[in-house]
Protein chains: 4
Amino acid sequence: MSQDDPSTTGAAAPAAGFSTSRLEAFSDGVFAIAITLLVLDLNVPEPDSLDGQSLTSALAHQWPAYFAYLVSFLVIGIIWINHHAMCALARRVDRRTLFANLFLLLTVSVIPFPTRLLAAYLTAPHGDAETAAAIYALTMVAMGIAFTLLFLAFTRDARTLHTPVSPEAKRAAIRRFGFGGLCYLATVGLAYVSPVAMLATHAVLAVYYCFDQLAPVRTAR
Amino acid sequence: MSQDDPSTTGAAAPAAGFSTSRLEAFSDGVFAIAITLLVLDLNVPEPDSLDGQSLTSALAHQWPAYFAYLVSFLVIGIIWINHHAMCALARRVDRRTLFANLFLLLTVSVIPFPTRLLAAYLTAPHGDAETAAAIYALTMVAMGIAFTLLFLAFTRDARTLHTPVSPEAKRAAIRRFGFGGLCYLATVGLAYVSPVAMLATHAVLAVYYCFDQLAPVRTAR
Amino acid sequence: MSQDDPSTTGAAAPAAGFSTSRLEAFSDGVFAIAITLLVLDLNVPEPDSLDGQSLTSALAHQWPAYFAYLVSFLVIGIIWINHHAMCALARRVDRRTLFANLFLLLTVSVIPFPTRLLAAYLTAPHGDAETAAAIYALTMVAMGIAFTLLFLAFTRDARTLHTPVSPEAKRAAIRRFGFGGLCYLATVGLAYVSPVAMLATHAVLAVYYCFDQLAPVRTAR
Amino acid sequence: MSQDDPSTTGAAAPAAGFSTSRLEAFSDGVFAIAITLLVLDLNVPEPDSLDGQSLTSALAHQWPAYFAYLVSFLVIGIIWINHHAMCALARRVDRRTLFANLFLLLTVSVIPFPTRLLAAYLTAPHGDAETAAAIYALTMVAMGIAFTLLFLAFTRDARTLHTPVSPEAKRAAIRRFGFGGLCYLATVGLAYVSPVAMLATHAVLAVYYCFDQLAPVRTAR
């Protein structure tokens, strides 16, 4: 499946010899599981604990859980789409890329934790909502850093790409990643002003990332 | 794997350049996880909480959980089969399709939540069973809308299909989707009449959807 | 990926037009998730609830959970291997096969439930251990039936196979499935004699199924 | 997909007739799920149970859970990378390899359990931390044994490999596995000296295993 390709066993180093297909399969698995596990944190109120409240009002009371669920679903989905676009650039990956990818998967698969935290504390008093929101925002900062590192690992060696990425196109892509990263960082501060606004901003940023971040790379090559 | 196909890098827009294989892999993952997570909501009664009741009767008491489990398993399985059939029409997908697909996956991966809700409240008094049933039915309405949008996204650009779908075939398929959607909508009303009948109706609708919804598309082309 | 194969769009019915690859991908996902979810039922004793007992003794006390975990892991793993072998026979699958496969996946993905039940009740008094054991054994009976139905669906239409399976080979395979099914059925009775022996028997039966059940099919063709 | 390859249906035994692709797909699924399920054990403190403590301090108190999470994530990720490298050597797998792989998957998919145990008991008194740490270390010993057995199963029959592995290269690889295994064994002892040091050592060992364990195999052939 991967070692027997004559075009790569010649000049290319054996360490560059992984096909992208298993990287994608494993990553798709982690993305798919992380995005689906989010639903486990939509709690069903215990019938015995309603205290005369209707189910409708008990469910409405849980709005932070739905809000956090939707934003995290959108975020993971968009990362998946962009990961997909990035992998499509490469022909083979080396170990460095596998590790950068593992770091990205760490930040993605941990997302259900800050999501759960936010669902439980978004309306909590005494600064706890701000703490939960800052942890959520910091997770996104880490994810943005991991995504940029992965892009650098993918594009480091032109021989592993389908088509070389020009230095200008690479710089343009990194500038866009950098701008996104700064926005993410700003949401950490925003978390202390308004946890709800922090979460809403991440929904907006996900929509911003919908637009193809790698378009300049493909256009310029 | 995807960008190096000479037949697509010429006339076709680069944005239309995703292969269907990773879309399928990610979707299969989400479908597989959502369908398997359903089992986590089949609760084992605590040995200490049986109060002299036998395990048999404690388990029998949980029949709404088994019923909701079976219907949701069937629904997700059928959506998967129809998703599979739809993807088989396409050669490449664009970003629009990726997003429509993400919306469908949102409605699929959330299904364990209304299923759990129904398992806990199907026999509850004071209108709570009706609330739970209506939420279940509304999830199915959203899923039907998402499936129709995905079909429109898939068939929008004839160049991305293996074989063009004729306007008549497309209209016939949309009419069938529309009829299914109306049925789903009717079950929201039915939820307020009889939550159990609502759930049974969704079992029947799933069986209706077993019949190949895309048959007219393939026949007419 | 599947509709553009000229060898199948001619004589073969369009309904027979699914490739086995997505069936395998979805099934692999369900098998992988079901087998991995089993670990969620290995409980960590609450530090506050040890009551002066050491962690070692609290963990040792949970031996039914480990035993049930191991047997279910083995069973799901063996079903996966045999499913793998069966899919390797086929070139294309039809809707009938997709549904038979869905039924098998239902019986596989539900396995964590009887496993959890057995973990909690294997040493319970008043016939509850027997109830839990009988439910476990009945799940295996259902799985055996589903596996046989899937084999029949796979081999029904010789045009969908890589190499035709001779009627004798098919009969030999069905006899072996039938013998396995009878053994499974006998364990339902055994559950009422000794729940522990029932579970041990399933470990032995899984080892029996290790031996290639489809060997006669491949040998005779 | 697998049985129709003329190069293998001749001399090779039919039992050697599995493609590596489904082995990889199933394994990737189990790896991806096990690594992602770890996040379920990062608990969100109940808002009602903070007792005037801030969320920050309640979360800081859970440091053993984060530490265990990170080490287990790293360990599973590295095993996946090395599994990936090992599968790349093979062209076909036999049943023996499927079973050795199943044993490895057992040790991988059980990792969330000792991780959870360690998260709950790493700072517990009365020797319970040591017990939890020893169980964690023993899981890693079992994983190392399984990995070595899988390597032996993969390389046993030269006809199933892309390129034969020389006896020297095989011995070199086994020596490296053996050395790693002894290190793992030593951490069982270390668990009784310092549970925290045991966990830190596994982080270091994972980094050691980052370096390509199969490099001598590929270099020497």
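- As recorded by an unreviewed UniProt entry, chain A carries the name Membrane protein and is attributed to Kitasatospora paracochleata.
- Looking at chain A in UniProt, the text filed under Sequence similarities (unreviewed entry) is "Belongs to the TMEM175 family."
- The UniProt entry for chain A carries the following comment under Subcellular location (unreviewed entry): "Membrane".

Re the overall build of chain A
(1) Moving on: Each helix and strand counted, chain A has ten helices and two strands in total.
(2) Moving on: Traced from its N-terminal end to its C-terminal end, chain A shows the element sequence α-β-α-α-α-β-α-α-α-α-α-α.
(3) Moving on: Counting the 221 residues in chain A, one finds 61% classified as buried.
(4) Moving on: Of the contacts made within chain A by residues no fewer than 6 positions apart, 81% connect residues no fewer than 24 positions apart.
(5) Moving on: Accessible area for chain A stands at about 8000 Å²; split by element, carbon and sulfur atoms hold 67% of it.

Considerations on the interface of chain A and chain D
(1) Moving on: Taken residue by residue, the interface counts 35 residues in chain A and 43 residues in chain D.
(2) Moving on: Taken together, the two surfaces of chain A and chain D that pack against each other cover about 3400 Å², and 71% of this comes from carbon and sulfur.
(3) Moving on: Its largest share of buried area at the contact with chain D, chain A owes to R22(A), F26(A) and R95(A), together 23% of the area lost on that side.
(4) Moving on: In this assembly, chain A and chain D are joined by zero salt bridges.
(5) Moving on: Counting across the chain A and chain D interface gives five residue pairs in polar contact (both at pLDDT 80 or more).
(6) Moving on: Residue assignment for the side of chain A that touches chain D shows that the elements contributing at least two residues are β1 (18–19), α2 (20–37), α5 (95–109), α6 (112–121) and α7 (128–155) of chain A.
(7) Moving on: Broken down by element, the side of chain A that touches chain D gets its largest block of residues, nine residues, from α2(A).
(8) Moving on: Among the residues making up the side of chain A that touches chain D, the classes are represented as 24 nonpolar, six polar and five charged.

Here's the deal with the UniProt feature "transmembrane region" (unreviewed entry) in chain A
Residues and elements named next belong to chain A.
(1) Moving on: Within this structure's numbering, the places UniProt gives as "transmembrane region" (unreviewed entry) are residues 63–81, 102–122, 134–154 and 174–193.
(2) Moving on: In the segment residues 63–81, helix accounts for 100% and strand for 0%; the C-alpha atoms at its two ends are 27 Å apart.
(3) Moving on: Helix makes up 100% of residues 174–193 and strand 0%. Its end C-alpha atoms lie 29 Å apart.

Re the side chain of D128(B)
(1) Moving on: You can see D128(B) is positioned in helix α7 (residues 128–155).
(2) Moving on: One buried charged side chain, D128(B), makes no salt bridge at all; its nearest oppositely charged neighbour is R116(B), positioned 17 Å away.
(3) Moving on: At a separation of 2.9 Å, a polar atom in the side chain of D128(B) contacts the main-chain amide nitrogen of L55(A).

Some remarks on the relation of the copies chain A and chain D
(1) Moving on: Each copy of the sequence occupies a distinct position, and chain A is placed on chain D by a rotation of 90 degrees and an axial shift of 0.0 Å, giving an RMSD of 0.0 Å. Each copy turns onto its partner about a four-fold axis. Taking the C-alpha atom as reference, chain A places G29(A) closest to the rotation axis, 4.3 Å from it.
(2) Moving on: A share of only 9% of interface residues in chain A that are also interface residues in chain D marks the association as one of differing surfaces.

Some remarks on the interface of chain B and chain C
(1) Moving on: With 43 residues of chain B in contact, the opposing surface of chain C contributes 35 residues.
(2) Moving on: The junction of chain B with chain C conceals about 3400 Å² of combined surface from both sides, 71% of it contributed by carbon and sulfur atoms.
(3) Moving on: The interface formed by chain B and chain C holds zero salt bridges in total.
(4) Moving on: Linking chain B with chain C are five residue pairs in polar contact (both at pLDDT 80 or more), by the criterion used here.
(5) Moving on: With 13 residues, helix α4 (residues 63–87) of chain B is the single largest residue contributor to the side of chain B that touches chain C.
(6) Moving on: Per-class residue counts for the side of chain B that touches chain C are 27 nonpolar, ten polar and six charged.

Comments concerning the packing of aromatic side chains
Geometry of an aromatic ring pair is reported as the spacing of the ring centres plus the angle between the planes.
(1) Moving on: Across all of its chains, the model carries 20 aromatic pairs over all chains by this definition.
(2) Moving on: Judged by centre distance (4.1 Å) and plane angle (15 degrees), the rings of W80(B) and F26(C) are stacked. Taken together, the residues W80(B) in helix α4 and F26(C) in helix α2 (residues 20–37) connect one chain to another.
(3) Moving on: The exposure class of F26(C) is buried, given its relative accessible area of 0%.
(4) Moving on: Judged by centre distance (6.1 Å) and plane angle (40 degrees), the ring pair of Y69(C) and F73(C) falls under tilted. Separated by four residues within a single helix, Y69(C) and F73(C) lie in helix α4 (residues 63–87), roughly one turn from each other. Side by side, Y69(C) and F73(C) carry an identical accessibility label, which is buried.
(5) Moving on: In this structure an aromatic cluster arises from ring pairing among F147(A), F151(A) and F177(A).

Focus: the relation of the copies chain B and chain C
(1) Moving on: Once chain B is rotated about the relating axis by 90 degrees and shifted along it by 0.0 Å, it coincides with chain C to within an RMSD of 0.0 Å.
(2) Moving on: Here only 7% of the contact residues of chain B are again contact residues in chain C; the copies associate through non-equivalent surfaces.

Some remarks on the side chain of Q62(C)
Residue and element names in this part refer to chain C.
(1) Moving on: Mapped onto the secondary structure, Q62 falls in the loop between α3 (55–60) and α4.
(2) Moving on: A polar contact of 3.1 Å, which involves the side chain of Q62, links it to the side chain of Y66.
(3) Moving on: Every residue in contact with Q62, bar those within four places of it in the chain, is listed here: N43 and P45.

Digging into the environment of Y192(B)
Residue and element names in this part refer to chain B.
(1) Moving on: Position of Y192 among the secondary structure elements: in helix α8 (residues 167–193).
(2) Moving on: Relative accessible area serves as the criterion here: at 53%, Y192 is assigned to the exposed category.
(3) Moving on: As a C-alpha pair, Y192 and T131 span 61 residues in sequence and 7.6 Å in three-dimensional space.
(4) Moving on: Sequence-distant contacts of Y192, defined by excluding residues within four places in its chain, comprise E130 and A134.

A short note on the packing of α4(C) against helix α5 (residues 95–109) of chain C
Residues and elements named next belong to chain C.
(1) Moving on: Their axes nearest at 11 Å, the elements α4 and α5 cross at an angle of 165 degrees. One finds that α4 runs roughly antiparallel with respect to α5. The two elements α4 and α5 cross, and the hand of that crossing is left-handed. Contact with α4, carried on its side by I76, I79 and H83, involves N101, L104 and V108 of α5 and no other residues of that element.
(2) Moving on: Of the residues contributing to the contact of α4 with α5, the split by class is four nonpolar, two polar and no charged.

Details of α5(A)
(1) Moving on: With 15 residues, α5(A) extends 20 Å from end C-alpha to end C-alpha; this agrees with the ideal 21 Å at 1.5 Å per step.
(2) Moving on: Along α5(A), twelve of the 15 residues are buried, which leaves the element largely enclosed by surrounding structure.

Brief notes about a nonpolar patch on the surface
Residue and element names in this part refer to chain A.
(1) Moving on: Among the surface-exposed residues, F103, I145, L149, L152 and I174 lie close enough to one another that they form a single nonpolar patch of about 380 Å² accessible area.
(2) Moving on: Tallying contributions element by element places α7 first for the nonpolar patch, with three residues.
(3) Moving on: Assignment of secondary structure puts L149 in helix α7.

Brief notes about the environment of S57(C)
All names here are of chain C.
(1) Moving on: Locating S57 in the fold gives a position in helix α3.
(2) Moving on: Residue classification places S57 among the partly exposed residues on the basis of a relative accessible area of 31%.
(3) Moving on: A polar side-chain atom of S57 sits 3.1 Å from a polar atom in the side chain of Q53.

Considering the confidence of the model for chain A
The predicted coordinates of low-pLDDT regions are not to be read in fine detail.
All names here are of chain A.
(1) Moving on: Of all residues in chain A, 86% have pLDDT values of 70 or greater, and the mean over the chain is 81.
(2) Moving on: Looking at the elements of chain A, mean pLDDT is at its lowest for helix α1 (residues 6–9), recorded as 34, and at its highest for α6, recorded as 93.
(3) Moving on: Contacts of residues 1–16 to residues separated by more than four positions or lying in other chains number 27 contacts, the stretch itself having pLDDT below 50.

The rules behind each value
Every chain is numbered on its own, with residues counted from 1 as its sequence reads. Ligands are numbered from 1 and chains lettered from A, in the order in which they are written. A pLDDT threshold of at least 70 governs which residues receive local features in this predicted model, and a stricter bar of 80 or more applies before side-chain atom pairs are shown or counted, although totals over entire chains, interfaces and linings include all residues. To obtain the side-chain values, all non-hydrogen atoms of the structure were used and water was disregarded. UniProt positions are given in the numbering used here, feature names are shortened, and annotations may be inferred rather than shown by experiment. What counts as a helix is a DSSP run of H or I of at least four residues, what counts as a strand is a run of E of at least two, and both are numbered from the N terminus. Only protein chains enter the accessibility calculation, which uses a 1.4 Å probe. A residue is then buried if its area is under 20% of the maximum for its type, exposed if over 50%, and partly exposed in between. Contacts were defined at the residue level, with two residues in contact if any of their heavy atoms lie within 4.5 Å. For the area figures, the Shrake-Rupley method with a 1.4 Å probe applies, and any residue is considered shielded solely by the protein chains shown. Two parts placed together each lose some accessible area under a 1.4 Å probe, and the buried area is that loss summed for both. The term salt bridge refers to a side-chain nitrogen of Lys or Arg lying within 4 Å of a carboxyl oxygen of Asp or Glu. Two N or O atoms form a polar contact when they lie within 3.5 Å of each other; inside protein one atom must be a possible hydrogen donor and the other a possible acceptor, and for residues adjacent in sequence the pair counts only when both atoms belong to side chains. For this scheme, ten residues count as nonpolar: Ala, Val, Leu, Ile, Met, Phe, Trp, Tyr, Cys and Pro. Four count as charged, namely Asp, Glu, Lys and Arg, and the remainder, Gly too, count as polar. Charge counting treats Lys and Arg as positive and Asp and Glu as negative, with His and both chain ends excluded. Copy-to-copy superposition: least squares on the C-alpha atoms, limited to residues that have pLDDT of at least 70 in both copies. Geometry of aromatic contacts follows a simple scheme: Phe, Tyr and Trp rings, the Trp one being its six-membered ring, pair when their centres are within 6.5 Å, and the pair is stacked under 30 degrees between planes, edge-to-face over 60, tilted otherwise. A fitted line through C-alpha atoms serves as each axis, taken over the contacting stretch for helices, and the angle formed by two N-to-C directions is quoted from 0 to 180°. Orientation is classified from the angle alone, with under 35 degrees giving roughly parallel, over 145 giving roughly antiparallel, 65 to 115 giving roughly perpendicular, and any other angle giving oblique. The crossing is said to be left-handed when, going from far helix to near helix, the turn is anticlockwise and less than a right angle, and right-handed when the turn is clockwise. An expected span of 1.5 Å times one less than the residue number is assigned to each helix. Note on patches: the residues involved have over 30% relative accessible area and no salt bridge, like charges join within 9 Å, and the nonpolar side chains Val, Leu, Ile, Met, Phe, Trp and Tyr join within 5 Å. For every residue, the predictor states its confidence as a pLDDT score lying anywhere from 0 to 100.

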